[in-house]
Amino acid sequence: YAFLSAYARSHGHNMHHAWEHLLTNVAVISVCIFLWISVQEWVLQLSRELGHLLFGLLCGGIAVSVMSFPFEIAPGLTADLRGVTLVLAGFFAGPVAALLAGTMAAGHQLFLGGTGMHASMAAIALLCALGPIAHATTIKRRDFAALVAVAIAAAAVVPLQILLMPAHLQPLMFANAALPQSVLQFFSVWMIGFAVLYETHRRDVARANEIYGAIMDALPDCLNAKDLNGRFLVANPATAALLGAASGKDLIGKTYFDFYPPDIASAFHRDEQLARSSGTPLRLEQQLIQDDGSIAWLSTLKAPFVRGDGSASGIITHSRDVTTRKTIEISLTETQARLNDALTHMADGLAMFDRT
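It should be emphasised that the depicted structure is a prediction, and the values quoted were computed from it without experimental measurement.

Chemist: Hey, could you run me through the overall build of the chain in this one?
Modeler: Helix and strand counts for the chain come out as 11 helices and seven strands. For the chain, the C-alpha radius of gyration of 34 Å lies well beyond 21 Å, the compact-globule estimate for 356 residues. For the chain, with 356 residues in total, the buried portion stands at 40%. For the chain, contacts bridging at least 24 residues in sequence account for 56% of all contacts bridging at least 6. Between the centroid of the 23 positive side chains of the chain and the centroid of its 27 negative side chains there is a distance of 6 Å.

What follows is the structure, given as structure tokens:
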């Protein structure tokens, strides 16, 4: 801002005043949008369509506000940053919100009148079209690259609007308002849009984490993730119950060596290292001796926890208690062995026939 102010002073008082006045527009827009961000999640939970309509109304109201206190270059000739909210309305909430905001801005422009009104109306229409176009083309993923492209397009509308004005007014507009209006329109769309995108991304991640957490907590099987050193990163209540901990949070930062004898803990750790080195899921059955001396069996899947670049950063473990099934299998095997032994050594003849 200091650099821009110095540049503006060197090019006359009017340009310096334009920077200061339009920066006030930026402040007003930013405060209003950030207030919306604070209540956006609550509104969208009620109704997504209602949220989009309210966002369109908000953007239209902000546009009317900044239009009511513009930078006056000459009598009847003004400049403001209405385009910021008109673009953001369409980009984030779609064509209905853009139409709503644009209608409010166009109606207020008709009320104000002034020199270059036809150029202003054309600019409003163009700005209202930019957002929905970007919204439609990035419907699956509204990313930061698309936001930058929209911000550049919004800035380019400023000189186009000036070129639509009467020829004798164009030099005055280019000299006093074109640069600050274009630059601030670009940075405002980009920075405020970045804040909205970041908050949307944060909210989506929080919602996904909440769902994943509920699934983990409800799962009767043991599910946990550990880092490369075998320390627990996350664990569900079933894992805590198996290890004798009060909750999954009590396991964070600990290893199997904090709960099992060294020989059992070492065997479990070796299995994890094998799964990590192989890079493929490992299925195995694990035997452990519980505190009461009884033997428990676990059917376990260990899979590498892979980063986006393909490198392993930990191990995901899913274990199911199969003690009952394993006990029955062992009992059946022993019974079959005893029966075979009895048949082998009995003195009488014994045969079994099928139906034929």
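So that's the structure; there's more coming.
Chemist: I'm lost on the packing of aromatic side chains in this one. Help?
Modeler: Working definition: an aromatic ring pair is given by the centre-to-centre distance plus the angle between the planes. Per the counting criterion, the structure on display carries 10 aromatic pairs. Each ring, one from Trp 36 and one from Phe 55, has its centre 5.5 Å from the other, and the planes form 40°; the classification is tilted. In this pair, Trp 36 is assigned in helix H2 (residues 13-46) and Phe 55 in helix H3 (residues 48-68), connecting sequence segments 19 residues apart. With respect to class, Trp 36 is no different from Phe 55; both count as buried.

Chemist: Would you mind going over the nonpolar core with me for this structure?
Modeler: One broad rule of soluble globular proteins: the nonpolar side chains tend to lie buried together. Judged by nonpolar contacts, the single largest core of 44 residues is most densely connected at Ile 29, Ile 33, Leu 86 and Val 189. Counting residues per element, the ones that place at least two in this core are H2, H3, helix H4 (82-93), helix H5 (95-112), helix H6 (117-137), helix H7 (144-163) and helix H8 (170-218). Setting aside residues no more than four positions away along its own chain, Leu 86 makes contact with Ala 63, Ala 101, Gly 102, Ala 105, Ile 124, Leu 127 and Cys 128. The next biggest cluster of nonpolar side chains, apart from the first, holds 14 residues, and it includes Ala 240, Leu 251, Tyr 256 and Ile 264.

Chemist: What's the story with the sheet that holds strand S5 (residues 282-289) in this structure? I'm lost.
Modeler: Think of a sheet as strands paired side by side through backbone hydrogen bonds, with each pair either parallel or antiparallel. Pairing is antiparallel across the open sheet formed by five strands, whose spatial order is S4-S3-S7-S6-S5. Both outer strands of the open sheet, strand S4 (232-235) and S5, are each paired with one neighbouring strand and no more. Mean inter-strand twist for the sheet, computed between neighbouring axes without regard to direction, equals 25°. As paired strands, S5 and strand S6 (residues 295-306) are joined by eight bridges and run antiparallel to one another. Each residue of the ladder has a partner; that of Ile 289, found in S6, is Ile 295. Lying over the sheet, helix H10 (residues 262-278) contacts strand S3 (222-227), S5, S6 and strand S7 (312-321), oriented at roughly 175° with respect to S5.

Chemist: Looking at this model, I keep getting lost on the side chain of Lys 326. Mind explaining?
Modeler: By the element assignment, Lys 326 lies in helix H11 (residues 323-345). Among the residues examined, Lys 326 registers a relative accessible area of 15% and is labelled buried. Other than its neighbours up to four places away in sequence, Lys 326 contacts Glu 285 and Trp 297.

Chemist: Explain the pattern of salt bridges here, please?
Modeler: Side-chain pairs of opposite charge can arise where the charged atoms are in close proximity. The full count for this structure, using the stated rule, is 10 salt bridges. Across the pair Arg 207 and Asp 204 runs a salt bridge whose closest N-O atoms are separated by 3.3 Å. Of this pair, Arg 207 and Asp 204 both sit in helix H8, three residues apart, roughly one helical turn. Judged by relative accessible area, which is 39%, Arg 207 ranks as partly exposed. Asp 227 serves as the salt-bridge partner of Arg 231, at 3.1 Å between the closest nitrogen and oxygen. The class of Asp 227 is buried, set by a relative accessible area of 15%. Bridged by salt links that share partners, the residues Glu 285, Arg 325, Lys 326 and Glu 329 form one connected network.

Chemist: I tried to follow H8 on my own but got confused; where do I start?
Modeler: Two residues of an α-helix separated by three or four positions point the same way, owing to the 3.6 residues in each turn. Helix length check: H8, at 49 residues, gives a terminal C-alpha distance of 67 Å against a target of 72 Å (1.5 Å per residue), a fit within 8%. Largest kink in H8: about 55°, centred on Ala 177, with the proline Pro 180 one to four residues after it.

Chemist: Help me understand the pairing of S7 in this model?
Modeler: A regular strand places its side chains so that they alternate between the two faces of the sheet. Here S3 runs beside S7; their pairing, made up of six bridges, is antiparallel. Bridge assignment links Leu 223 to a residue of S7, and that residue is His 318. Where S6 meets S7, nine bridges bridge the pair, whose relative direction is antiparallel. The residue bridging Ser 299 from the neighbouring strand is Arg 320, located in S7.

Criteria and cut-off values
Residues numbered from 1 in each chain as written. Predicted model: local features only at pLDDT ≥ 70, side-chain atom pairs only at ≥ 80, totals over all residues. Heavy atoms only, no water. Helix = DSSP H or I, 4+ residues; strand = E, 2+ residues; numbered from the N terminus. Rg over C-alpha atoms; globule rule 2.2 N^0.38 Å. Buried < 20%, exposed > 50% of the residue type's maximum accessible area, 1.4 Å probe, protein only. Contact = heavy atoms within 4.5 Å. Lys, Arg positive; Asp, Glu negative; His and termini not counted. Charge placed at Lys NZ, Arg CZ, Asp CG, Glu CD. Phe/Tyr/Trp six-rings, centres within 6.5 Å; stacked < 30°, edge-to-face > 60°. Core = buried A, V, L, I, M, F, W, Y, C linked by side-chain atoms within 4.5 Å. Pairing = 2+ DSSP bridges. Axes fitted to C-alpha atoms, helices over the stretch in contact; angles between N-to-C directions. Salt bridge = Lys/Arg side-chain N within 4 Å of Asp/Glu carboxyl O. Expected span 1.5 Å × (residues − 1). Bend = angle between axes of the 7 residues up to and from the residue.

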